[in-house]
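What follows is the residue order along each chain.
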Amino acid sequence: MTNLRDFIGAVREAGWLVEINKQIDPYLEMAPVIAALDGRPVLFNDVAGSEFRVLSGQCSDRRYFALALDCAVEELVFRMADAYSSPSDPRLVNRDEVPCQEVVMTTPDLRRLPFLTHYPDDAGPYATAAIAVVNDPDSGPNVSFHRLLRLDATHLAARIVERRGTDTALKKTPDDLPVAICIGLPLHVLLAASMAPPPGVDELAIANALAPTPVVQCLTNDLRVPAEAEFVLEGRITHRTVAEGPFVDLTETWDIVRQQPVIEIDCITHRRDAIYHALLPGQLEHKLLMGMPREPSIFAAVNEVCRCRNVSITPGGASWLHAVVQIDKQHADDGHKAAEAAFRGHGSLKHVVVVDDDIDLYDPNEIEWAIATRFQADRDLLVWENQPSSSLDPSATHIPGQKSRSAKMGLDATIPWDQPDSCTRLHEFVRVPFPKADVSAYL
Ligand SMILES: Cc1cc2nc3c(=O)[nH]c(=O)nc-3n(C[C@H](O)[C@H](O)[C@H](O)COP(=O)(O)O)c2cc1C
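Computed from a predicted model, the values in this text were never measured in an experiment. (Residues numbered from 1 in each chain as written. Predicted model: local features only at pLDDT ≥ 70, side-chain atom pairs only at ≥ 80, totals over all residues. Heavy atoms only, no water.)

Visitor: Which parts of the structure should I look at to understand the sheet that holds strand β18 (residues 351–356)?
Guide: The strands that make up a sheet are held in pairs by hydrogen bonds between backbone atoms, and each pair lies either parallel or antiparallel. With mixed pairing, 5 strands are arranged side by side in an open sheet as β16-β17-β18-β20-β19. In this open sheet, the two strands that pair with only one neighbour each are β16 (307–313) and β19 (381–388). Ignoring which end each strand starts from, the neighbouring axes of this sheet average 20 degrees apart. Here helix α11 (residues 364–374) sits on the sheet in contact with β17 (322–328), β18 and β20 (405–412), set at roughly 80 degrees to β18. (Pairing = 2+ DSSP bridges. Helix = DSSP H or I, 4+ residues; strand = E, 2+ residues; numbered from the N terminus. Axes fitted to C-alpha atoms, helices over the stretch in contact; angles between N-to-C directions. Contact = heavy atoms within 4.5 Å.)

Visitor: I keep staring at helix α3 (residues 62–69) and nothing clicks. Help me out?
Guide: Along an α-helix, residues three or four apart share an orientation, since each turn contains 3.6 residues. With 6 of 8 residues buried, α3 is to be regarded as a mostly interior element. By the burial criterion, the buried members of α3 are R62, Y64, F65, A66, A68 and L69. Between a side-chain oxygen at the N-terminus of α3 and the backbone nitrogen of R63 the separation is 2.8 Å; the capping residue is D61. Positive phi shows up at D70, right after α3, with a value of about 55 degrees. (Buried < 20%, exposed > 50% of the residue type's maximum accessible area, 1.4 Å probe, protein only. Polar contact = N/O pair within 3.5 Å; in protein donor to acceptor, adjacent residues only side chain to side chain.)

Visitor: Help me out: how do you make sense of the sheet that holds strand β1 (residues 18–20) in this one?
Guide: Here 4 strands make up an open sheet; going across it, the order is β1-β2-β3-β15 and the pairing mixed. In this open sheet, the two strands that pair with only one neighbour each are β1 and β15 (275–277). Across the sheet, the mean angle from the axis of one strand to that of its neighbour is 20 degrees, orientation sign disregarded. In this structure, strand β2 (residues 42–44) lies alongside strand β3 (residues 53–56), joined through 3 bridges in antiparallel fashion. Residue F44 lies in a different strand from β3, and its bridge partner there is V54.

Visitor: So what exactly am I meant to see when it comes to the packing of helix α9 (residues 295–303) against helix α10 (residues 334–345) here?
Guide: Pairs of packed helices are described in terms of their axes, by the angle between the two and the distance that separates them. At a minimum axis distance of 7 Å, the contact between α9 and α10 shows a crossing angle of 135 degrees. On the basis of their axis angle, the class for α9 and α10 is oblique. Helix-helix and strand crossings are classified by hand; for α9 and α10 the assignment is right-handed. Contacts between α9 and α10 involve S297, I298, A301 and V302 on the former and, on the latter, A338, A341, A342, R344 and G345. When grouped by side-chain class, the residues that make up the contact of α9 with α10 number 6 nonpolar, 2 polar and 1 charged. (Parallel < 35°, antiparallel > 145°, perpendicular 65-115°, else oblique. Left-handed = near helix turned anticlockwise from the far one by under 90°. Nonpolar A, V, L, I, M, F, W, Y, C, P; charged D, E, K, R; others polar.)

Visitor: What am I meant to see in the domain arrangement of the chain here?
Guide: Interface size is commonly expressed as the accessible surface area that is lost when the partners come together. Split by domain assignment, the chain resolves into domain 1 (4–288) and domain 2 (304–428). Distance between the C-alpha centres of domain 1 and domain 2: 32 Å. Each partner contributes residues to the interface: domain 1 has 17 residues there, and domain 2 has 17 residues. Between domain 1 and domain 2, roughly 1,200 Å² of surface is buried when both sides are summed, and carbon and sulfur atoms account for 57% of that area. At the junction of domain 1 and domain 2, the tally comes to 0 salt bridges. Sorting the residues of the side of domain 1 that touches domain 2 by element identifies α4 (76–85) and α8 (284–291) as the ones contributing at least two each. Broken down by element, the residue count for the side of domain 1 that touches domain 2 peaks at 3 residues, all from α8. Counted by class, the side of domain 1 that touches domain 2 contains 7 nonpolar, 2 polar and 8 charged residues. (Domains from an automatic or database assignment. Buried area = accessible area lost by both parts, 1.4 Å probe. Salt bridge = Lys/Arg side-chain N within 4 Å of Asp/Glu carboxyl O.)

Visitor: Honestly, the nonpolar core in this entry has me stumped. Any pointers?
Guide: One recurring pattern in soluble globular proteins: nonpolar side chains tend to sit buried together. Judged by nonpolar contacts, the single largest core of 50 residues is most densely connected at F65, I131, C182, L191, V225 and V232. At 6 residues, the largest contribution of residues to this core is made by helix α6 (residues 187–193). Apart from residues no more than four positions distant in its own chain, I131 is found in contact with V143, S144, F145, A180, I181, C182, L185, V189, L190 and A193. I34, V47, M105 and A278 belong to the second-largest nonpolar core, a separate cluster that totals 40 residues. (Core = buried A, V, L, I, M, F, W, Y, C linked by side-chain atoms within 4.5 Å.)

Visitor: Teacher, can you tell me more about the pairing of β18 here?
Guide: On a regular strand, one side chain projects to one face of the sheet and the next to the other, so that they alternate. Most of β18 is tucked away: 5 of the 6 residues are buried. With 6 bridges joining them, β17 and β18 adopt parallel strand pairing. Bridge assignment links Q326 to a residue of β18, and that residue is V355. A crossover links β17 with its parallel partner β18, the connecting element being α10, and its sense is right-handed. As paired strands, β18 and β20 are joined by 4 bridges and run parallel to one another. Residue pairing in the sheet places V352 in a bridge with G410 of β20. (Right-handed = clockwise from strand over helix to strand, strands pointing away.)

Visitor: What exactly am I supposed to notice about the pattern of salt bridges here?
Guide: For side chains of opposite charge, pairing can occur when their charged atoms come near one another. Scanning all chains against the criterion turns up 32 salt bridges. Put simply, D418 and R425 hold a salt bridge, and the shortest N to O gap is 3.7 Å. Each of R147, E244, D249, D255 and R258 takes part in salt bridges that share partners, so that together they form one network.

Visitor: Teacher, can you tell me more about the site of the ligand here?
Guide: The immediate surroundings of the ligand are formed by 20 residues, with R147, R159, V161, R164 and G165 found nearest. Within the contact set of the ligand, an oxygen atom lies 3.0 Å away from a backbone nitrogen or oxygen of S194. About the coverage of the ligand: the protein hides 92% of its 630 Å² of free accessible area. Its residues placed into classes, the shell around the ligand shows 9 nonpolar, 6 polar and 5 charged. (Near = heavy atom within 4 Å. Areas by Shrake-Rupley, 256 points an atom, 1.4 Å probe, with all protein chains shown as cover.)

Printed below as a string of structure tokens:
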């Protein structure tokens with residue numbers, strides 16, 4: 001599906017879309033409603049103080065990605081891995097053909113967009129589903145998400161994580177860094193924007209390998225943006241900083257207030273009747289978009305040391321800090337090796353559980369059952385002290401200007417092998433099912 005509107009049509013037809021026609025305020029009223037409907041796509045048709053509709057939750061279930069990419073849920077990791085390893089350059093289209101430039105705001109005014117204020121103690125209204133396109137002077141285009149605090153009609157403060165694509169490009173550019181911020185995108189573009197490919201690989205080429213992603217040149221700079229975006233905010237990331245936050249982030253806890261760059265907006269374009277995407281921090285949509293794109297890189301790293309079957313980054317671990325790795329065990333030490341390799345595939349990972357392929361890696365009870373019946377802490381627990389870790393983990397050690405640090409843990413919950421190349425006690429570890437009974441015969 002190449003644009004958001006086709007996707008809305010498809011979820012409406014599937015009976016998954018919740019439509020709310022009663023007027024609702026983006027200031028503190030909308031966020032709790034989205035949270036109460038977590039896991040469902042919600043379209044707000046009447047937004048107080050804004051002429052634009054708001055969509056949320058379109059990425060809050062793996063089923064919606066499977067629908068958008070026309071594949072089964074279990075195949076998503078392989079679709080992402082294929083696109084990651086074989087990006088294809090998007091087609092450049094003419095300005096007169098493109099939806100995202102149908103309307104040019106005569107005077108750019110960010111206050112017309114329905115940025116949500118989530119909590120009374122938030123620093124202000126935030127855009128949370130915004131992807132920023134910049135050009136790195138050495139490696140070319142880079143796309144990544146940045147939460148954006150609205151300061152006034154033409155200024156934003158952006159949270160830009162250190163040493164990642166946008167930060168690196170900004171540090172190399174003595175003047176303002178041109179930026180194009182896109183909001184309201186099809187799911188495959190959001191997925192690609194969440195990936196962290198090596199420098200020189202354009203996330204929009206990964207998106208284009210997932211589904212056609214035509215691009216168009218911006219009106220006030222040379223950057224290219226997805227032609228199907230609902231909104232494009234063209235501007236410049238300055239070297240001026242302001243306090244950014246407080247803001248509740250992925251782990252549903254208050255993030256640290258930091259000095260962050262100010263963005264100046266020069267031009268706003270949008271589709272006719274544009275739909276604004278609001279993503280609720282810490283809820284399922286945020287979690288899936290953060291975690292799912294890291295599954296292919298964990299898969300690739302584990303597959304280098306043993307046969308990896310699948311990977312799941314789990315919502316209970318804020319979809320960032322915990323993963324389950326499913327392997328087809330061939331050697332006694334495969335589980336240990338897989339745990340070690342998983343951390344190479346995702347630097348922010350904190351805990352990993354390795355399971356055999358009879359365990360459903362999307363079912364927390366099955367994972368716990370594998371730990372309960374197959375794992376011995378003195379044999380299967382791996383601990384690494386004082387490792388580079390996620391800035392989002394409140395229990396890690398955070399020193400300003402330095403990479404956060406924490407301990408890491410791997411649990412090998414695969415069936416223990418008593419022989420180097422086999423397990424002679426397999427029957428002791430395999431679940432014994434009941435035959436299927438026809439209950440209706442007894443009622
Ligand atoms: C919903 C969502 C919100 C995010 N918010 C931010 C953010 O505010 N700041 C940031 O630097 N990264 C944020 N990220 C992570 C970046 O998109 C991620 O670091 C990016 O994949 C790094 O890619 P890069 O190294 O190519 O820049 C967010 C990711 C998602 C999925």
